[in-house]
Amino acid sequence: MLRFEVNADDLLYSRFALSPLFELDSLVRILAGQSREKHLPEAWAGRLRPAYQRLSTDPAIRAALALHSRHHGPDFLAPPPAGLTQTIADDLAAVRTTPLALARREIRACLARRPCTDPDALAVLHDPDVCTLLAAAMERAWHALLAADWPRLRVICERDVLHRTAGLGRGGWAAAFDGLPHVRWRDGGIEIPRLRLGTVPVHGAGLLLVPSVFVWPGVAAYSEPPWPAAIIYAARGVGALWEPAPPPAEALAALVGKARARLLEALEEPASTTQLARSLQAAPGAVGDHLAVLLRAGLLDRARSGRSVLYRRTPLGDALVATASL
(Lines give C-alpha, C1' and ligand atoms only; values in the text may rest on other atoms or scores of the structure.)
Protein backbone atom coordinates (compact mmCIF):
# COMPACT_ATOMS: atom_id res chain seq x y z
CA MET A 1 0.00 0.00 0.00
CA LEU A 2 1.08 3.57 -0.73
CA ARG A 3 0.30 6.04 2.04
CA PHE A 4 0.87 9.78 1.78
CA GLU A 5 1.31 11.32 5.24
CA VAL A 6 -0.30 14.77 5.12
CA ASN A 7 -0.62 17.65 7.57
CA ALA A 8 -2.56 20.92 7.61
CA ASP A 9 -0.02 22.63 5.34
CA ASP A 10 -0.29 19.80 2.82
CA LEU A 11 -4.04 20.32 2.61
CA LEU A 12 -3.55 24.06 2.26
CA TYR A 13 -1.27 23.59 -0.74
CA SER A 14 -3.00 20.60 -2.38
CA ARG A 15 -4.51 21.36 -5.77
CA PHE A 16 -5.92 19.85 -8.94
CA ALA A 17 -4.07 19.66 -12.26
CA LEU A 18 -4.43 18.15 -15.74
CA SER A 19 -1.78 16.21 -17.65
CA PRO A 20 -2.20 15.84 -21.43
CA LEU A 21 1.12 13.99 -21.65
CA PHE A 22 0.17 11.43 -19.01
CA GLU A 23 -2.97 10.73 -21.04
CA LEU A 24 -0.93 10.34 -24.22
CA ASP A 25 1.61 8.09 -22.52
CA SER A 26 -1.22 5.89 -21.22
CA LEU A 27 -2.95 5.77 -24.61
CA VAL A 28 0.26 4.72 -26.39
CA ARG A 29 0.75 1.93 -23.85
CA ILE A 30 -2.83 0.73 -24.34
CA LEU A 31 -2.38 0.61 -28.11
CA ALA A 32 0.91 -1.24 -27.63
CA GLY A 33 -0.85 -3.88 -25.51
CA GLN A 34 1.17 -3.06 -22.40
CA SER A 35 -1.84 -2.42 -20.14
CA ARG A 36 -3.61 -5.68 -19.39
CA GLU A 37 -6.60 -4.12 -17.63
CA LYS A 38 -7.17 -1.33 -20.13
CA HIS A 39 -8.74 -1.61 -23.55
CA LEU A 40 -10.18 0.95 -25.93
CA PRO A 41 -13.58 0.39 -27.51
CA GLU A 42 -12.96 -1.48 -30.75
CA ALA A 43 -14.19 1.36 -32.96
CA TRP A 44 -11.86 3.79 -31.23
CA ALA A 45 -8.93 1.38 -31.33
CA GLY A 46 -9.61 0.60 -34.99
CA ARG A 47 -9.54 4.30 -35.84
CA LEU A 48 -6.17 4.80 -34.09
CA ARG A 49 -4.47 1.51 -34.92
CA PRO A 50 -3.11 2.46 -38.40
CA ALA A 51 -1.53 5.63 -36.99
CA TYR A 52 -0.07 3.71 -34.07
CA GLN A 53 1.37 1.06 -36.38
CA ARG A 54 3.17 3.78 -38.33
CA LEU A 55 4.46 5.32 -35.10
CA SER A 56 5.68 1.96 -33.81
CA THR A 57 8.36 1.90 -36.52
CA ASP A 58 9.93 4.96 -34.85
CA PRO A 59 12.86 3.88 -32.60
CA ALA A 60 12.12 6.76 -30.20
CA ILE A 61 8.53 5.56 -29.68
CA ARG A 62 9.84 2.05 -29.08
CA ALA A 63 12.39 3.50 -26.65
CA ALA A 64 9.60 5.20 -24.68
CA LEU A 65 7.62 1.96 -24.55
CA ALA A 66 10.73 0.01 -23.49
CA LEU A 67 10.89 2.02 -20.27
CA HIS A 68 7.52 0.76 -19.04
CA SER A 69 6.87 -2.37 -17.04
CA ARG A 70 3.51 -3.43 -15.62
CA HIS A 71 3.58 -1.21 -12.52
CA HIS A 72 6.39 1.25 -13.25
CA GLY A 73 7.39 3.85 -15.79
CA PRO A 74 9.72 6.81 -16.18
CA ASP A 75 8.37 9.87 -14.36
CA PHE A 76 10.39 12.25 -16.52
CA LEU A 77 8.54 11.10 -19.65
CA ALA A 78 5.20 12.34 -18.23
CA PRO A 79 6.18 14.67 -15.37
CA PRO A 80 3.57 15.91 -12.87
CA PRO A 81 1.67 18.90 -14.32
CA ALA A 82 1.71 22.39 -12.86
CA GLY A 83 -2.03 23.13 -12.86
CA LEU A 84 -5.37 23.05 -14.62
CA THR A 85 -4.21 25.11 -17.61
CA GLN A 86 -1.46 22.64 -18.53
CA THR A 87 -1.02 22.13 -22.28
CA ILE A 88 0.83 19.50 -24.24
CA ALA A 89 3.42 22.17 -25.10
CA ASP A 90 4.01 22.75 -21.38
CA ASP A 91 4.42 19.02 -20.81
CA LEU A 92 6.84 18.51 -23.69
CA ALA A 93 8.91 21.52 -22.61
CA ALA A 94 9.28 19.90 -19.18
CA VAL A 95 10.49 16.66 -20.79
CA ARG A 96 13.02 18.50 -22.98
CA THR A 97 14.49 20.34 -19.99
CA THR A 98 14.82 17.27 -17.75
CA PRO A 99 18.36 17.18 -16.30
CA LEU A 100 20.26 14.45 -18.12
CA ALA A 101 21.46 12.90 -14.85
CA LEU A 102 17.86 12.49 -13.66
CA ALA A 103 16.76 10.98 -16.98
CA ARG A 104 19.73 8.58 -16.93
CA ARG A 105 18.88 7.47 -13.38
CA GLU A 106 15.25 6.74 -14.26
CA ILE A 107 16.21 4.98 -17.50
CA ARG A 108 18.62 2.68 -15.63
CA ALA A 109 15.95 1.86 -13.05
CA CYS A 110 13.36 1.10 -15.74
CA LEU A 111 15.71 -1.11 -17.78
CA ALA A 112 16.70 -2.99 -14.63
CA ARG A 113 13.04 -3.92 -14.12
CA ARG A 114 12.46 -4.81 -17.78
CA PRO A 115 15.58 -5.26 -19.95
CA CYS A 116 15.38 -4.03 -23.54
CA THR A 117 16.84 -6.01 -26.47
CA ASP A 118 15.88 -3.58 -29.25
CA PRO A 119 19.21 -2.07 -30.42
CA ASP A 120 17.60 0.94 -32.11
CA ALA A 121 15.56 1.77 -29.00
CA LEU A 122 18.64 1.37 -26.80
CA ALA A 123 20.56 3.72 -29.08
CA VAL A 124 17.94 6.40 -28.39
CA LEU A 125 18.03 5.75 -24.64
CA HIS A 126 21.85 6.04 -24.57
CA ASP A 127 21.94 9.19 -26.70
CA PRO A 128 23.01 12.39 -24.86
CA ASP A 129 19.93 14.07 -26.41
CA VAL A 130 17.58 11.37 -25.17
CA CYS A 131 15.13 13.84 -23.58
CA THR A 132 14.83 15.86 -26.79
CA LEU A 133 14.43 12.72 -28.90
CA LEU A 134 11.71 11.28 -26.67
CA ALA A 135 9.86 14.61 -26.46
CA ALA A 136 9.87 14.91 -30.26
CA ALA A 137 8.51 11.38 -30.59
CA MET A 138 5.72 12.04 -28.11
CA GLU A 139 4.84 15.23 -29.95
CA ARG A 140 4.43 13.21 -33.15
CA ALA A 141 2.30 10.70 -31.26
CA TRP A 142 0.16 13.51 -29.84
CA HIS A 143 -0.79 14.84 -33.27
CA ALA A 144 -1.36 11.35 -34.67
CA LEU A 145 -3.33 9.83 -31.79
CA LEU A 146 -4.82 12.25 -29.30
CA ALA A 147 -4.94 15.89 -30.42
CA ALA A 148 -8.34 15.56 -32.12
CA ASP A 149 -9.97 13.83 -29.12
CA TRP A 150 -8.32 15.83 -26.35
CA PRO A 151 -10.86 18.71 -26.14
CA ARG A 152 -13.65 16.21 -25.42
CA LEU A 153 -11.54 14.24 -22.94
CA ARG A 154 -10.37 17.41 -21.21
CA VAL A 155 -14.00 18.32 -20.53
CA ILE A 156 -14.48 15.05 -18.64
CA CYS A 157 -11.48 15.85 -16.44
CA GLU A 158 -12.54 19.48 -15.91
CA ARG A 159 -16.02 18.44 -14.84
CA ASP A 160 -14.55 15.99 -12.35
CA VAL A 161 -12.52 18.84 -10.84
CA LEU A 162 -15.62 21.03 -10.70
CA HIS A 163 -17.51 18.31 -8.82
CA ARG A 164 -14.71 17.76 -6.32
CA THR A 165 -14.06 21.43 -5.66
CA ALA A 166 -17.76 21.82 -4.92
CA GLY A 167 -17.37 18.99 -2.38
CA LEU A 168 -14.30 20.72 -0.98
CA GLY A 169 -16.36 23.85 -0.37
CA ARG A 170 -19.13 21.88 1.37
CA GLY A 171 -17.13 19.52 3.53
CA GLY A 172 -13.38 20.07 3.17
CA TRP A 173 -10.85 17.66 1.71
CA ALA A 174 -12.61 14.61 3.17
CA ALA A 175 -15.62 15.46 0.97
CA ALA A 176 -13.40 16.14 -2.06
CA PHE A 177 -11.79 12.71 -1.66
CA ASP A 178 -15.15 10.99 -1.20
CA GLY A 179 -15.66 8.48 -3.98
CA LEU A 180 -12.15 8.86 -5.39
CA PRO A 181 -11.49 5.46 -7.03
CA HIS A 182 -9.03 3.24 -5.11
CA VAL A 183 -8.11 6.10 -2.74
CA ARG A 184 -9.13 6.50 0.90
CA TRP A 185 -8.65 9.07 3.64
CA ARG A 186 -7.71 7.46 6.96
CA ASP A 187 -5.95 8.53 10.17
CA GLY A 188 -4.38 11.69 8.82
CA GLY A 189 -3.16 10.09 5.63
CA ILE A 190 -4.22 9.30 2.08
CA GLU A 191 -3.94 5.63 1.21
CA ILE A 192 -3.87 3.79 -2.11
CA PRO A 193 -4.10 0.04 -1.35
CA ARG A 194 -3.40 -0.96 -4.97
CA LEU A 195 0.09 0.60 -4.99
CA ARG A 196 2.76 -1.08 -2.85
CA LEU A 197 5.25 1.73 -2.34
CA GLY A 198 5.32 2.29 1.43
CA THR A 199 4.76 5.52 3.36
CA VAL A 200 5.67 8.89 1.84
CA PRO A 201 5.63 12.09 3.95
CA VAL A 202 4.56 15.09 1.88
CA HIS A 203 6.35 17.59 4.15
CA GLY A 204 3.93 20.48 3.70
CA ALA A 205 4.33 20.72 -0.08
CA GLY A 206 0.77 19.57 -0.82
CA LEU A 207 -0.58 16.91 -3.14
CA LEU A 208 -1.41 17.16 -6.82
CA LEU A 209 -4.71 15.49 -7.73
CA VAL A 210 -4.88 14.68 -11.44
CA PRO A 211 -8.09 13.29 -13.00
CA SER A 212 -7.43 11.01 -15.95
CA VAL A 213 -9.35 9.26 -18.70
CA PHE A 214 -6.92 6.48 -19.56
CA VAL A 215 -5.79 5.49 -16.05
CA TRP A 216 -9.24 3.87 -15.64
CA PRO A 217 -9.87 1.31 -14.11
CA GLY A 218 -6.66 1.76 -12.10
CA VAL A 219 -4.82 4.51 -10.25
CA ALA A 220 -1.26 5.88 -10.41
CA ALA A 221 0.97 8.09 -8.31
CA TYR A 222 4.20 10.06 -8.23
CA SER A 223 5.94 9.41 -4.93
CA GLU A 224 9.69 9.70 -5.49
CA PRO A 225 11.85 12.85 -5.39
CA PRO A 226 12.39 15.19 -7.09
CA TRP A 227 8.82 14.99 -8.38
CA PRO A 228 5.95 16.49 -6.37
CA ALA A 229 3.63 13.97 -4.73
CA ALA A 230 0.65 13.33 -7.00
CA ILE A 231 -2.29 10.95 -7.40
CA ILE A 232 -3.69 10.23 -10.86
CA TYR A 233 -7.20 8.85 -10.59
CA ALA A 234 -10.05 7.95 -12.94
CA ALA A 235 -12.27 10.96 -13.62
CA ARG A 236 -15.97 10.70 -12.89
CA GLY A 237 -18.03 9.75 -15.94
CA VAL A 238 -15.11 8.17 -17.77
CA GLY A 239 -17.00 4.88 -18.08
CA ALA A 240 -19.35 6.57 -20.55
CA LEU A 241 -16.46 6.82 -23.02
CA TRP A 242 -16.38 3.07 -23.44
CA GLU A 243 -20.03 2.91 -24.46
CA PRO A 244 -21.75 4.64 -27.40
CA ALA A 245 -23.77 7.67 -26.32
CA PRO A 246 -27.49 6.82 -26.23
CA PRO A 247 -29.88 9.05 -28.15
CA PRO A 248 -31.80 11.56 -26.04
CA ALA A 249 -35.06 10.35 -24.55
CA GLU A 250 -37.67 10.33 -27.30
CA ALA A 251 -40.30 12.22 -25.28
CA LEU A 252 -37.81 14.91 -24.24
CA ALA A 253 -36.53 15.34 -27.80
CA ALA A 254 -40.10 15.65 -29.08
CA LEU A 255 -40.81 18.37 -26.52
CA VAL A 256 -37.71 20.58 -26.75
CA GLY A 257 -35.89 19.31 -29.84
CA LYS A 258 -33.05 16.81 -30.10
CA ALA A 259 -30.20 19.33 -29.65
CA ARG A 260 -31.73 20.90 -26.52
CA ALA A 261 -32.60 17.48 -25.14
CA ARG A 262 -28.95 16.44 -25.48
CA LEU A 263 -27.89 19.60 -23.64
CA LEU A 264 -30.34 19.01 -20.81
CA GLU A 265 -29.19 15.43 -20.40
CA ALA A 266 -25.52 16.47 -20.57
CA LEU A 267 -26.02 18.93 -17.70
CA GLU A 268 -26.18 16.29 -15.02
CA GLU A 269 -23.15 18.23 -13.71
CA PRO A 270 -22.68 22.00 -14.20
CA ALA A 271 -20.70 22.95 -17.31
CA SER A 272 -19.74 25.96 -19.40
CA THR A 273 -20.74 26.63 -23.00
CA THR A 274 -17.24 25.67 -24.17
CA GLN A 275 -17.25 22.43 -22.20
CA LEU A 276 -20.65 21.45 -23.55
CA ALA A 277 -19.62 22.27 -27.12
CA ARG A 278 -16.53 20.10 -26.77
CA SER A 279 -18.27 17.15 -25.14
CA LEU A 280 -21.14 17.16 -27.62
CA GLN A 281 -18.92 18.06 -30.58
CA ALA A 282 -21.15 21.00 -31.47
CA ALA A 283 -20.52 24.61 -32.49
CA PRO A 284 -20.19 26.91 -29.44
CA GLY A 285 -22.51 29.49 -31.01
CA ALA A 286 -25.28 26.94 -31.53
CA VAL A 287 -24.84 25.61 -27.99
CA GLY A 288 -25.06 29.15 -26.62
CA ASP A 289 -28.30 29.79 -28.53
CA HIS A 290 -29.90 26.60 -27.19
CA LEU A 291 -28.76 27.36 -23.64
CA ALA A 292 -30.38 30.79 -23.86
CA VAL A 293 -33.71 29.22 -24.83
CA LEU A 294 -33.53 26.66 -22.00
CA LEU A 295 -32.57 29.42 -19.57
CA ARG A 296 -35.59 31.53 -20.51
CA ALA A 297 -37.84 28.48 -20.16
CA GLY A 298 -36.70 28.03 -16.56
CA LEU A 299 -35.06 24.67 -17.22
CA LEU A 300 -31.55 25.98 -16.49
CA ASP A 301 -29.90 28.58 -14.33
CA ARG A 302 -26.34 29.88 -14.42
CA ALA A 303 -23.65 31.17 -12.10
CA ARG A 304 -20.15 32.53 -12.56
CA SER A 305 -17.21 30.38 -11.41
CA GLY A 306 -13.92 32.22 -11.87
CA ARG A 307 -13.77 33.24 -15.52
CA SER A 308 -16.45 30.80 -16.65
CA VAL A 309 -20.23 30.90 -16.59
CA LEU A 310 -21.58 27.49 -15.58
CA TYR A 311 -25.03 26.26 -16.51
CA ARG A 312 -26.95 23.75 -14.42
CA ARG A 313 -30.41 22.26 -14.50
CA THR A 314 -33.07 23.77 -12.27
CA PRO A 315 -35.36 21.46 -10.27
CA LEU A 316 -37.82 21.83 -13.14
CA GLY A 317 -35.13 20.77 -15.61
CA ASP A 318 -34.21 17.78 -13.42
CA ALA A 319 -37.84 16.74 -13.20
CA LEU A 320 -38.33 17.05 -16.95
CA VAL A 321 -35.30 14.86 -17.72
CA ALA A 322 -36.26 12.29 -15.09
CA THR A 323 -39.88 12.08 -16.27
CA ALA A 324 -38.93 11.83 -19.95
CA SER A 325 -36.57 8.95 -19.17
CA LEU A 326 -39.26 6.80 -17.59
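Right above here is the structure, for reference.
Residues numbered from 1 in each chain as written. Predicted model: local features only at pLDDT ≥ 70, side-chain atom pairs only at ≥ 80, totals over all residues. Heavy atoms only, no water.

Student: Which residues make up the overall build of the protein, and what are the values?
Tutor: Counting its regular elements, the protein contains 14 helices and 10 strands. Over its C-alpha trace the protein gives a radius of gyration of 21 Å, about what one expects of a compact globule, namely 20 Å for 326 residues. By principal-axis analysis of the C-alpha atoms, the protein measures approximately 65 × 50 × 30 Å. Taking the 37 positively charged and 32 negatively charged side chains of the protein as two groups, their mean positions are separated by 2 Å. (Helix = DSSP H or I, 4+ residues; strand = E, 2+ residues; numbered from the N terminus. Rg over C-alpha atoms; globule rule 2.2 N^0.38 Å. Lys, Arg positive; Asp, Glu negative; His and termini not counted. Charge placed at Lys NZ, Arg CZ, Asp CG, Glu CD.)

Student: Could you give an account of the side chain of Arg159, with specific residues and numbers?
Tutor: By the secondary structure assignment, Arg159 is in helix α9 (residues 150–177). Assessed through its relative accessible area of 14%, Arg159 is described here as buried. (Buried < 20%, exposed > 50% of the residue type's maximum accessible area, 1.4 Å probe, protein only.)

Student: Outline the nonpolar core, supporting the account with residue identities and numerical values.
Tutor: In terms of nonpolar packing, the biggest core is built from 63 residues, with Leu40, Leu134, Leu145 and Phe214 touching the most fellow members. If you tally residues by element for this core, the top one is helix α8 (residues 130–146), at 10 residues. The residues touching Leu134, leaving out its near neighbours within four places in the chain, are Ala60, Ala63, Ala64, Phe76, Leu77, Val124 and Leu125. Of all hydrophobic cores here, the second largest spans 21 residues; its members include Val6, Trp173, Leu180 and Val200. (Core = buried A, V, L, I, M, F, W, Y, C linked by side-chain atoms within 4.5 Å. Contact = heavy atoms within 4.5 Å.)

Student: Please set out the pattern of salt bridges residue by residue, giving values where relevant.
Tutor: Across all of its chains, the model carries 14 salt bridges by this definition. Arg152 is paired through a salt bridge with Asp149; the nearest N and O atoms lie 3.9 Å apart. With relative accessibility at 22%, the residue Arg152 sits in the partly exposed group. The residue Asp301 makes a salt bridge to Arg312 at a minimum N-O spacing of 4.0 Å. Of this pair, Asp301 sits in strand β9 (residues 300–305) while Arg312 is found in strand β10 (residues 308–313), placing the two residues 11 residues apart along the sequence. On the basis of relative accessibility, which here comes to 33%, the residue Asp301 falls in the partly exposed class. (Salt bridge = Lys/Arg side-chain N within 4 Å of Asp/Glu carboxyl O.)

Structural measurements only, silent on function.
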